[in-house]
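# Overview (structure and organization)
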Amino acid sequence: MTGTSDATTASGGFGSVSTGRKVAAAVVALVGIVFIILILVNNLFAVGPAFEEMIDDFRPLLQEESLAQAQADVDGLAAAGEEFQTEIAPTMAQQLGMSPEEFGAMVQAQYPAVAQGMQALPEITETFSGLIQTLDSQRELFESADAIPTDDLPATTVPWIILIAGLAAIIVGVLMLLPGRIWSIVAVVLGAGLVIVTFALNLPQKAADADQLNENLTPIYTQELIDGASASLAVVSAMGQQMQSEMLPDLAAQMGMSQDELNAFMGENFPATAAVMQTMSDSLQRFEAFVGVFAVNLDNYETIQPVSFSPIIWAMIIGGVIIILMGGLAIMLKD
């Protein structure tokens, strides 16, 4: 038995390594295991693709120009709604020899979609305006989160990077049990690489911004928001369609005007409503695309929402520091 033990030691087996080196090696390997557990516990191989798909879809929506256009569309609808109540209804009533109350009753009876839309517009425009302003306030956070891990690498690479780091730590930890200091030096380099790269890519700040963005969206990004926005769009669409195809032609006939004459009359006297009627189709398409991005990414958001990214990044940093310390300790200890 003694001869066998001596042979193992002489051949450079694990038994020739000191207890301190074994402990250091075990800790390095344990850090690698923790990295892999982080991936599994946080479901990162599902979160990464969900995050990337959601970011890709929202990126055009959150451009400054897109949000400005969306706000202009909302402002136009709000102005048209106010103009209808304060100017169009009284003027049209006078033109038709009606009281404002009679005109309102006529619109309600003959053009219910117009009446419903005009009544709902203040709340609809206020809701959409609030959503647009909320998204605009999150642009900096979004841009930071969009750069995880870098501007060029997609978020889908993050779980693979952590997996590779974890496997590398496990392998290096095992190899540190061999006599000599080369694998201990490799451990120090591995740990330093993890820490340096993480800070060089500004991942702690990016992760914190992603978590803050997640927290800020949680109260509004719900199925109720999507259902309510879709219903609002249906109301506005029905209002615009009935106004263009029924109400305005009927009013033109009652006032003895051609359609062109009525359009000129509207443009001269009610510019906000005339402008909205000209751009209604395009505005609705933009709103539908806006709401559609929220709708198709709700599942992605629900996958991402439970995950906090900052603890994962700091676990990588702390793990890297531990690997450095254990590698350094192993270098100082004798075999």
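In the block above lies the structure referred to throughout.
Definitions and limits used
- Residues numbered from 1 in each chain as written.
- Predicted model: local features only at pLDDT ≥ 70, side-chain atom pairs only at ≥ 80, totals over all residues.
- Heavy atoms only, no water.
- Helix = DSSP H or I, 4+ residues; strand = E, 2+ residues; numbered from the N terminus.
- Rg over C-alpha atoms; globule rule 2.2 N^0.38 Å.
- Buried < 20%, exposed > 50% of the residue type's maximum accessible area, 1.4 Å probe, protein only.
- Contact = heavy atoms within 4.5 Å.
- Lys, Arg positive; Asp, Glu negative; His and termini not counted.
- Charge placed at Lys NZ, Arg CZ, Asp CG, Glu CD.
- Phe/Tyr/Trp six-rings, centres within 6.5 Å; stacked < 30°, edge-to-face > 60°.
- Core = buried A, V, L, I, M, F, W, Y, C linked by side-chain atoms within 4.5 Å.
- Polar contact = N/O pair within 3.5 Å; in protein donor to acceptor, adjacent residues only side chain to side chain.
- Salt bridge = Lys/Arg side-chain N within 4 Å of Asp/Glu carboxyl O.
- Expected span 1.5 Å × (residues − 1).
- Axes fitted to C-alpha atoms, helices over the stretch in contact; angles between N-to-C directions.
- Parallel < 35°, antiparallel > 145°, perpendicular 65-115°, else oblique.
- Left-handed = near helix turned anticlockwise from the far one by under 90°.
- Nonpolar A, V, L, I, M, F, W, Y, C, P; charged D, E, K, R; others polar.
- Bend = angle between axes of the 7 residues up to and from the residue.

### Notes on the overall build of the protein
Within the protein, the secondary structure is distributed over 15 helices and 0 strands. Against the compact-globule benchmark of 20 Å for 335 residues, the protein has a radius of gyration of 32 Å, which places it well outside the compact range. Counting only C-alpha atoms, the protein reaches 120 × 30 × 25 Å along its principal axes. Counting across all 335 residues of the protein, residues that qualify as buried make up 43%. Residue pairs in contact within the protein that sit at least 24 positions apart in sequence constitute 87% of those at least 6 positions apart. Charge-centre separation for the protein: the mean point of 8 positive side chains lies 36 Å from the mean point of 37 negative side chains.

### Quick notes on the packing of aromatic side chains
Tallied over the entire structure, the rule returns 10 aromatic pairs. Taking 4.8 Å as the distance between ring centres and 70 degrees as the angle between the ring planes, the aromatic pair formed by Phe45 and Trp160 counts as edge-to-face. On the criterion of sequence distance, the pair formed by Phe45 in helix H3 (residues 44–61) and Trp160 in helix H8 (residues 157–175) is long-range, its members being 115 residues apart. Taking the relative accessible area as the measure of exposure, Phe45 reaches 37% and is therefore partly exposed. Judged by its relative accessible area of 49%, Trp160 falls in the partly exposed class. Here the aromatic residues Phe58, Tyr221, Phe290, Phe294 and Tyr301 are joined through ring pairs into a cluster of three or more.

### Some words on the nonpolar core
Within the largest apolar cluster, 99 residues are counted, with the highest numbers of intra-cluster contacts made by Phe58, Met92, Phe103, Tyr221 and Phe294. Sort the elements by how many residues they give to this core and helix H11 (residues 223–254) lands first, with 11 residues. Residues within four places of Phe58 in sequence aside, it is in contact with Phe142, Tyr221, Val293, Phe294 and Asn297.

### Remarks on the side chain of Asp73
Along the chain, Asp73 turns up in helix H4 (residues 64–95). In this structure Asp73 comes out as buried when scored by relative accessible area, which is 8%. Separated by 2.8 Å, the side chains of Asp73 and Arg286 make a polar contact. In this structure Asp73 touches Ser283, Arg286 and Phe287, once residues within four positions along its chain are discounted.

### Some words on the pattern of salt bridges
All chains considered together, the criterion is met by 4 salt bridges. Note that Arg59 is salt-bridged to Asp146, the shortest N-O span being 2.8 Å. One end of the pair, Arg59, is in helix H3; the other, Asp146, is in helix H7 (residues 139–146), with 87 residues separating them in the sequence. A salt bridge links Asp73 to Arg286, with the shortest nitrogen-to-oxygen separation between them at 2.8 Å. Placement of the pair is Asp73 in helix H4 and Arg286 in helix H13 (residues 271–296), with a sequence separation of 213 residues. Looking at Arg286, the relative accessible area reads 34%, which means it is partly exposed.

### Here's the deal with H8
The first and last C-alpha atoms of H8 sit 27 Å apart over 19 residues, in line with the 27 Å expected at 1.5 Å per residue. For H8, the set of buried residues is Pro159, Ile162, Leu163, Ala165, Gly166, Ala169, Val172 and Gly173. Those residues of H8 that are buried are in contact with helix H2 (19–41), H3, helix H9 (182–200) and helix H15 (309–332).

### Section: the packing of H11 against H13
As a packed pair, H11 and H13 sit with axes 10 Å apart at the nearest point and diverge in direction by 165 degrees. Comparing the axis directions of H11 and H13 gives the class roughly antiparallel. Of the two possible hands of crossing, H11 and H13 adopt the one that is left-handed. Residue-level contacts link Leu225, Ile226, Ala229, Ser230, Leu233, Val236, Ser237, Met239, Gly240, Met243 and Gln244 of H11 to Met277, Met280, Leu284, Phe287, Glu288, Val291, Phe294 and Ala295 of H13. Here the contact of H11 with H13 is built from residues that sort into 14 nonpolar, 4 polar and 1 charged.

### Topic: helix H6 (residues 112–137)
For an α-helix, 3.6 residues make a turn, and residues three or four places apart therefore share a direction. Here H6 is 26 residues long and its end C-alpha atoms lie 37 Å apart, about the 38 Å a rise of 1.5 Å per residue gives. At Leu121, H6 shows its strongest bend, of approximately 50 degrees, with the proline Pro122 following within four residues.

### Focus: the environment of Leu40
Within the secondary structure, Leu40 sits in helix H2. For Leu40, a relative accessible area of 63% puts it in the exposed group. C-alpha of Leu40 to C-alpha of Pro149: the two residues are 109 residues apart in sequence and 19 Å apart in space.

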